[in-house]
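Here is how the chains run, residue by residue.
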Amino acid sequence: MSVIKLLGSRSILSRLQVSRMAYSVRTASQFLHEKAYVNGKWVDAKSGKKFQVLNPANGGLMGSCPDMNAEDTQLAIQKAHTAFQFWKKSSVKERSAVLRKWFNLMMENQQELGKLITEEMGKPLKEAMGEIGYAAGFFEWFAEEARRTYGDIIPSPVDSKRLLAIKQPVGVCGLITPWNFPSAMITRKAGAAIAAGCTVVIKPAEDTPFSALVLCDLAEKAGLPPGVINVVTCSRQNTVEVGKVLCESPLVAKISFTGSTNTGKILLQQCANTVKRVSMELGGNAPFVVFDSADVDAAVMGAMACKFRVSGQTCVCANRFLVQEGIYDQFVQKLGEQMLKQLKVGDGFSEDVTQGPLINSKGVDKVDELTQDAVSRGAQLKMGGKRHSAGENYYEPTLLTDVTSEMRCFKEEIFGPVSAVIKFRTEDEAVALANASSVGLAGYFFSRDLSQIWRVAENMEVGMVAVNDGILSTVEAPFGGVKESGIGREGSKYGIDEYMNIKYICMGGIQ
Amino acid sequence: MAVVVSNFVNGEFVAAQDYIDSINPATGELWAKIPNSTEDEVNVAVAAAKNAFEGWSTTTIQDRSKILQKIADLLEKELKEFAEVESRDQGKPVSLATNIDIPRAVYNFRFFATSILHIKSDCTFLDGAGAVNYVQHVPVGVAGLISPWNLPMYLVTWKIAPCIAFGNTCVVKPSEMTSVTAFMLCKVFQDAGLPPGVVNMVCGTGPRTGEVIIRHPDVPLISFTGSTAVGRHIQEVTAPNTKKLSLELGGKNAAIIFEDCDLANCITTTLRSSFTNQGEVCLCTSRIFVQEGIYSEFIQRFVEASRQLKVGDPTTNVNLGALISAQHLNKVKSFVELARKEGATIQCGQGVDQLNLPNPENKNGYFFLPTVITNVSDSSELMQSEIFGPVVCIVPFTSEQEVIKRANNCRYGLCATVWTKDLGRAQRVARKMEVGTVWTNCWLVRDLNMPFGGMKDSGIGRESATDSLEFFTEKKTICMMIGT
C-alpha cells in the first residue's frame, strides 16, 4: 500500500508530496519551472520577491514563482515588442511548423503536463490530461490556420486602381488568463496570436503559473525564438498593477482576457485610452433547459457532464436547470441518482475521484453562500449543501430544487458543484427565464421537437447553443458570448482574425 | 508511487536536479527519491545559512528558546507519522521508533530550548590592574551537520537543536539512505516559524554533497556522526581551514561481566545492548567478556534468550527489523563467514537457525538473525573491527587486570558496560576503561547533562548541555579596564 495512502492525506508527508509520484521518463523538476520567462530567459522578479503556489487538494506547497510588478512587465513588453519586429516578418510556413512541433511536444508529455494542472488547481488527473489534449489541439488548429489567412482582391470600380485587402498581425498581445483551464486558456489565445505573427506577454492566474511556464519550455524546444512568448508571473497583490501596465501600454496592441465579468469591465476601461483591440471571455450563467419532448435519460447524462466538469468551475457549466413540469419529478429523481452514483470527491490524483477540490476556500465560501441563500428562500435541499470532510477546499455535490429567479444562484455564476433546478410550464417561459440575464455565453437544451429546436436555438440569447448535448467546446467551433459575456470568438476559422488587422491597399496610377 | 524528497533552502522546499533511489529495507523496494545535491546546490544553501546568521545570532535567547519549544510541540504532535516513516526508511521496528527515536528527537529540542536559558560564565577580578575579565560565549557561524542512517531523527536533531539554540545557522546533510524524516522535519521548522535560512537541508551522498559541505570555506563548524574512515577524511580535508570538528565515530564496545553480577538482569540488558536497532547503534555491545566461573551458564542462557527474539516485518510486533541495505547485510554476513573460516563457533543465528518471514512482502528484505559467536581470538577481525549488526562475540576471562587490558586492546573507545555487585570493583574497572562512557550494571541510561563522546578512534569532542555549548560557540575573554 502506498505510504501516502497509509498515512492519510492530512499527514505531513502527503502535504509535502507535490505530485512527483512514479516518474518513469522525466522527473518533476524538469517540468516545474520556478522562474518567469522573458525574451527566452528564465528570470526572477527584479525585486527578488517570490510568491507561493499551493496544491488546493491538501494545502501543500507546490513551488514558488517570481512576484513580478509593473517594472518587470514593462521590460517584458519591450522585449515582446522588439521580437515582434522580426516575428511579423517570419513566413507562415515557419510559424506553422513551430506550432505543429509545439503541439507534438504537448502530446508527448501529456501526462506530466496533466499532473501539473491537477497539482496546481485540483481537477482530477483524467480531466487534466483531457485538458492538455484539448489545449494542444489549439496549437494544431492554428498551425493549420496560420497558412490560410487569405485576404481579398476586390474588383475595382475604376481602371486605374487595384484594391487589395491583406491581413496583418496586430502586434504585441497581452493575454490575461484564469486558473480553471490553466493550459487551454493560454493555448487558445497564444496559438492564434503567434500563428498570426504576433508576440505575447502572458499573465497567468497566480494560482496556476506552472502550466503557463512549462509551455515556454516546450516553445523553446519547438524552436520559437526568444521574445515571442513571455510569461510574467505575479501574486494577487501585484495583479492589478501588472494588468494595468498591459492595458495602458502603447506598445501593446491587444488585450485578450478570460475571467470574471467585473474584471473584464475594468480592463476594458483601462484599454480605452489606447483604443486597443480586445477579446473578452467573461462570465456565463448557462441555462440548461429540458423540455417535455426531451429524452430525459439523455438529458440527465448531458446534465451530469455539463454541470460537474472541473467541479462546476467552468464558464460554460450549466448554472440553471430549467425543467418542464411534465418531466420535472422524473428528471430531478434521475439527476439525484446519477449524482450519487457518478461523483466521488477527493484529491485529483486518486484513482476514482471525479470531483477535485475547488480552487480555494473563498470559492467554497461563495458556493455555500449561494446554497444557503437558496435554502433560506425556500429551495429544497435534496443532497449536499455543505463543505466536504475531505478538506477545507472541498464542497459536497449539491442538489437544490424548487429554485426561483429571486434566488442568488439564479442570478449569479455558482462556479461549484451545485445543481439548481427550476420548474417551468411553457416554452416561452423557459426562453424568457433563460434570457433573464445580463450575460449570455453558453446555453443548453434537450428536445426532440424539430420546430421547437429551431425556435429555441434562434431565440436563446447566447453565443453558443448545444442541442441535446452537454459538451460543446471544440477547437473547430467559434467559442464566445454575447451581451456581457464578452467580445470576440476563440478557436474556429474566426479565431485568428482576432489577432489580425485588415489592411486595405489601394494601388493607384495604373495605366 | 515513490515519495520524492526536496531540499530545503532559505525556508522553502526546492526541487533538485538529480535524484537517487532510497529503498525500504523491509521489502527491498524503492520507496523514495532523494536529491543528490550538486556543488552549486550546496553553495546556495551555505549562502542562505550565512545570510541568515546575522539575524539569528542576534535573536534573543528567550525568542530562540520559544521557537525550539514550538518545534518540539509540533514534532510531538506528529510523533506517530514520524515513527512510521522512520521505520519504513531505516528498517527498525515501528515500536522502537515510537518509543525511543522520535520521543528523544522531541526531547533534544526541549533540552536545548531550556538549557540555553541557564548559561552562566566565569569572571575574575585583577585587583591590582583594576580590570574585570569575563567570558562571553558567541555563536560561530554556519555549521555543517552530517548525520548517519542508524538513528536518523535521533541524531540529526541532536545536532540541529544545540546548533541553532546557541545562535548558529546550519546546512544539514542527512544520510541519503534515511532522508525522509529530516525532510518532514523541515516542514515542522517552517510551521514553527523558524526564520528562513537558519536550517537548510541538502540531501545527497557523502562524496558528492557531504564533500562540498566539509570543504566549504564559509562553514567553520563540522559536526559529523558516522564511520571512523570518513571521520579521518574530514580531519584531513578541513585541516587547511582550521575548522572546529565534533566527530562521533565507530565503536567496538565491550561488556565486562564478573561472576558476582546479577546474572538475570545482566543477560536481559546485555541482550538489549547487543541487538537493539538490529545492532546498528554505535553504543551497541559487540565484545562480551564473561568471567570463567559463569561462562558456560552465561552462554547457554544468553543464546537461549537470543533465539527468543523475533525478527521480521518492522510494522509488526518484533524485536528486530531489517538491516539498512543489501550492501550492509552482505558486510555483516561476511563477518560470520570469517568466523566460520577461522574455526569459531556460531552458537545461534546466521547459518544455524531459520529466518521465518510469513509476509511475502518481506521476502526481499534485509533481515538477519541475532548471532552469537564464541571460540574467537582477541586479535580476530571479529573482535577488532566494527560489524554494526546483530552479531556478538563472547569470550571468557579470569582476572580483573587481564580483562581490563584485553578490553582496552582496541582502537575504538566509545563506551563499555561493567557488571558486578562490588561497587569498588565497578569504580576501579570503570576508571581504567579507555572509553568516553561507562555504564555499570545498566546500558544506555542517558543524562544529556553529562558529556558524551569517544576516546581514540571513536571520535573527538563531547556533547552535553555544557560541552555542546563549548563546541557550538566560541569562548571570548573580554577584559574591561574599570580602574582601581
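Source: prediction; values computed, not measured.

### Brief notes about the sheet that holds strand β6 (residues 162-169) of chain A
One key point about sheets: their strands pair by backbone hydrogen bonds, in either a parallel or an antiparallel sense.
All names here are of chain A.
Turning to step 1, where the next piece is worked out: Reading across from one edge, β5-β6-β22 is the order of the 3 strands in this open sheet, with antiparallel pairing throughout. Bordering the open sheet on either side are β5 (152-154) and β22 (500-507), each of which pairs with just one other strand. Going from strand to strand, the sheet's axes swing by 25 degrees on average, the running direction of each strand aside.
Turning to step 2, where the next piece is worked out: Two strands pair when backbone bridges link them, and β5 and β6 are joined in this way by 3 bridges, in the antiparallel orientation. Following the sheet pairing, Ile154 is matched in β6 by Leu163.

### A few points about the packing of aromatic side chains
Turning to step 1, where the next piece is worked out: For the structure shown, the criterion picks out 22 aromatic pairs over all chains.
Turning to step 2, where the next piece is worked out: A ring pair is formed by Trp179 of chain A and Phe415 of chain A, whose centres lie 5.8 Å apart and whose planes are at 90 degrees; its orientation type is edge-to-face. Taken as a pair, Trp179 of chain A in the loop between β7 (172-176) and α7 (184-196) and Phe415 of chain A in the loop between α14 (408-411) and β16 (418-424) lie far apart in primary sequence, 236 residues in all.
Turning to step 3, where the next piece is worked out: Relative accessible area serves as the criterion here: at 17%, Trp179 of chain A is assigned to the buried category.
Turning to step 4, where the next piece is worked out: Using a relative accessible area of 23% as the deciding quantity, one classes Phe415 of chain A as partly exposed.
Turning to step 5, where the next piece is worked out: Centre to centre, the rings of Phe111 of chain B and Phe112 of chain B are 5.2 Å apart; their planes meet at 90 degrees, and the pair counts as edge-to-face.

### Some thoughts on the UniProt feature "active site" (unreviewed entry) in chain B
Residue and element names in this part refer to chain B.
Turning to step 1, where the next piece is worked out: UniProt tags Glu248 as "active site" (unreviewed entry).
Turning to step 2, where the next piece is worked out: Note on placement: Glu248 falls in strand β12 (residues 244-248).
Turning to step 3, where the next piece is worked out: Sequence-distant contacts of Glu248, that is, excluding residues within four places in its chain, are made with Phe224, Thr225, Gly226, Cys282, Leu414, Phe452, Ser458 and Glu463.

### So, the UniProt feature "active site" (unreviewed entry) in chain A
Residue and element names in this part refer to chain A.
Turning to step 1, where the next piece is worked out: Feature annotation in UniProt assigns "active site" (unreviewed entry) to the following positions: Glu281.
Turning to step 2, where the next piece is worked out: In this structure, Glu281 sits in strand β11 (residues 277-281).
Turning to step 3, where the next piece is worked out: In this structure, Glu281 is in contact with Lys189, Phe257, Thr258, Gly259, Leu441, Phe479, Gly480, Gly481, Ser485, Gly488 and Glu490, ignoring residues within four places of it in sequence.

### Comments concerning the side chain of Ser485 of chain A
Turning to step 1, where the next piece is worked out: Mapped onto the elements, Ser485 of chain A comes out in the loop between β20 (482-483) and β21 (486-487).
Turning to step 2, where the next piece is worked out: In this structure, Ser485 of chain A is in contact with Met280, Glu281, Leu282, Gly283, Gly284, Val439, Gly440 and Leu441 of chain A, ignoring residues within four places of it in sequence.

### Comments concerning the pairing of strand β12 (residues 286-290) of chain A
Residue and element names in this part refer to chain A.
Turning to step 1, where the next piece is worked out: A large share of β12 lies buried, amounting to 5 of its 5 residues.
Turning to step 2, where the next piece is worked out: Here β12 shows two buried faces, one formed by Ala286, Phe288 and Val290 and the other by Pro287 and Val289.
Turning to step 3, where the next piece is worked out: Relative to strand β13 (residues 318-324), β12 runs parallel, the two being bridged by 5 bridges. Opposite Val290, over in β13, you have Val323 as the bridge partner.
Turning to step 4, where the next piece is worked out: With 3 bridges joining them, β12 and strand β18 (residues 442-446) adopt parallel strand pairing. Pairing of Val289 across the sheet is with Phe445, part of β18.

### Quick notes on the confidence of the model for chain B
Turning to step 1, where the next piece is worked out: Overall, the predicted model of chain B reaches an average pLDDT of 96, with 100% of residues at or above 70.
Turning to step 2, where the next piece is worked out: For this predicted complex, the interface score ipTM comes out at 0.77, while the overall pTM is 0.59.

### Topic: the side chain of His328 of chain B
Residues and elements named next belong to chain B.
Turning to step 1, where the next piece is worked out: Considering the arrangement of structural elements, one finds His328 in helix α11 (residues 326-342).
Turning to step 2, where the next piece is worked out: Under the relative-accessibility criterion, His328 is labelled buried at 8%.
Turning to step 3, where the next piece is worked out: Apart from the residues lying within four places of it in its own chain, the contact partners of His328 are Trp149, Glu280, Leu323, Ile387 and Phe388.

### Re the packing of helix α4 (residues 94-115) of chain B against helix α5 (residues 152-165) of chain B
Residue and element names in this part refer to chain B.
Turning to step 1, where the next piece is worked out: In contact at an axis separation of 9 Å, α4 and α5 are set at 5 degrees when each is read in the N-to-C sense. Between α4 and α5, the interaxial angle falls into the category roughly parallel. The segment α4 lies against α5, with Ile100, Asp101, Ile102, Arg104, Ala105, Asn108, Phe109 and Phe112 engaging Met153, Tyr154, Thr157, Trp158, Ile160, Ala161, Pro162 and Ala165.
Turning to step 2, where the next piece is worked out: Within the contact of α4 with α5, the residues separate by chemical class into 12 nonpolar, 2 polar and 2 charged.

### Details of the interface of chain B and chain A
Turning to step 1, where the next piece is worked out: Facing the 24 residues of chain B at the interface are 20 residues of chain A.
Turning to step 2, where the next piece is worked out: Summing both sides of the interface, chain B and chain A together bury roughly 2,000 Å²; the carbon and sulfur share of this comes to 64%.
Turning to step 3, where the next piece is worked out: When contributions to the side of chain B that touches chain A are tallied by element, the ones reaching two or more residues are β1 (3-4), β3 (12-14), α3 (79-90) and α6 (180-191) of chain B.
Turning to step 4, where the next piece is worked out: At 6 residues, the largest contribution of residues to the side of chain B that touches chain A is made by α6 of chain B.

### Notes on the environment of Glu127 of chain A
Residue and element names in this part refer to chain A.
Turning to step 1, where the next piece is worked out: Mapped onto the elements, Glu127 comes out in helix α6 (residues 125-145).
Turning to step 2, where the next piece is worked out: Judged by its relative accessible area of 25%, Glu127 is partly exposed.
Turning to step 3, where the next piece is worked out: Sequence separation between Glu127 and Val310 is 183 residues; the distance between their C-alpha atoms is 7.6 Å.

### Regarding the sheet that holds strand β20 (residues 437-440) of chain B
Residues and elements named next belong to chain B.
Turning to step 1, where the next piece is worked out: One open sheet holds the 7 strands; their spatial order is β15-β16-β17-β14-β13-β19-β20, and the pairing between them is mixed. Of all the strands in the sheet, the pair left with one neighbour each is β15 (345-348) and β20. Direction aside, the axes of adjacent strands within the sheet are offset by 25 degrees on average.
Turning to step 2, where the next piece is worked out: Pairing analysis gives 4 bridges linking strand β16 (residues 371-374) to strand β17 (residues 391-397), with the strands arranged parallel. Opposite Thr371, over in β17, you have Val391 as the bridge partner.
Turning to step 3, where the next piece is worked out: Lying over the sheet, α11 contacts β15, β16 and β17, oriented at roughly 125 degrees with respect to β15.

### A few points about the environment of Thr228 of chain B
Residues and elements named next belong to chain B.
Turning to step 1, where the next piece is worked out: Within the secondary structure, Thr228 sits in helix α8 (residues 228-238).
Turning to step 2, where the next piece is worked out: Classification of Thr228 by relative accessible area gives buried; the value is 9%.
Turning to step 3, where the next piece is worked out: The spatial distance from the C-alpha of Thr228 to the C-alpha of Leu247 is 8.7 Å, given a sequence separation of 19 residues.
Turning to step 4, where the next piece is worked out: Sequence-distant contacts of Thr228, that is, excluding residues within four places in its chain, are made with Leu249, Gly250, Tyr412 and Asp457.
Turning to step 5, where the next piece is worked out: Looking at Thr228, its side chain comes within polar contact range of the main-chain nitrogen of Gly250, at 3.4 Å.

### Concerning the nonpolar core
Turning to step 1, where the next piece is worked out: If you look at the biggest cluster of nonpolar residues, it comprises 80 residues, and the most contacted ones within it are Leu13 of chain A together with Phe109, Ile160, Val180 and Leu185 of chain B.
Turning to step 2, where the next piece is worked out: When residues of this core are assigned to their parent elements, the largest contribution, 10 residues, is made by α5 of chain B.
Turning to step 3, where the next piece is worked out: Residue assignment places this core across two domains, with domain 1 (3-249) and domain 2 (253-440) of chain B each supplying three or more.
Turning to step 4, where the next piece is worked out: For Leu185 of chain B, the contacting residues outside a window of four places in its chain are Leu75, Phe82, Phe109, Met153, Val156, Thr157 and Ile160 of chain B.

### Focus: the pattern of salt bridges
Turning to step 1, where the next piece is worked out: Counted according to the given criterion, the structure contains 45 salt bridges over all chains.
Turning to step 2, where the next piece is worked out: For Arg100 of chain A, the salt bridge identified is with Glu140 of chain A, shortest N-O distance 3.3 Å. Taken together, the positions of Arg100 of chain A in helix α4 (residues 92-108) and Glu140 of chain A in helix α6 put the pair 40 residues apart, joining distant regions of the chain.
Turning to step 3, where the next piece is worked out: Judged by relative accessible area, Glu140 of chain A falls into the partly exposed class, the value being 25%.
Turning to step 4, where the next piece is worked out: In this structure, Arg377 of chain A and Asp373 of chain A form a salt bridge, with 3.0 Å as the shortest nitrogen-oxygen distance.
Turning to step 5, where the next piece is worked out: With relative accessibility at 12%, the residue Asp373 of chain A sits in the buried group.
Turning to step 6, where the next piece is worked out: A network of salt bridges, in which partner residues are shared, links Asp260, Glu400, Arg425 and Arg428 of chain B.

What counts and what doesn't
Residues numbered from 1 in each chain as written. Chains lettered and ligands numbered in written order. Predicted model: local features only at pLDDT ≥ 70, side-chain atom pairs only at ≥ 80, totals over all residues. Heavy atoms only, no water. Pairing = 2+ DSSP bridges. Helix = DSSP H or I, 4+ residues; strand = E, 2+ residues; numbered from the N terminus. Axes fitted to C-alpha atoms, helices over the stretch in contact; angles between N-to-C directions. Phe/Tyr/Trp six-rings, centres within 6.5 Å; stacked < 30°, edge-to-face > 60°. Buried < 20%, exposed > 50% of the residue type's maximum accessible area, 1.4 Å probe, protein only. UniProt positions renumbered as here; feature names shortened; annotations may be inferred. Contact = heavy atoms within 4.5 Å. pLDDT = per-residue confidence, 0-100. Parallel < 35°, antiparallel > 145°, perpendicular 65-115°, else oblique. Nonpolar A, V, L, I, M, F, W, Y, C, P; charged D, E, K, R; others polar. Buried area = accessible area lost by both parts, 1.4 Å probe. Polar contact = N/O pair within 3.5 Å; in protein donor to acceptor, adjacent residues only side chain to side chain. Core = buried A, V, L, I, M, F, W, Y, C linked by side-chain atoms within 4.5 Å. Domains from an automatic or database assignment. Salt bridge = Lys/Arg side-chain N within 4 Å of Asp/Glu carboxyl O.

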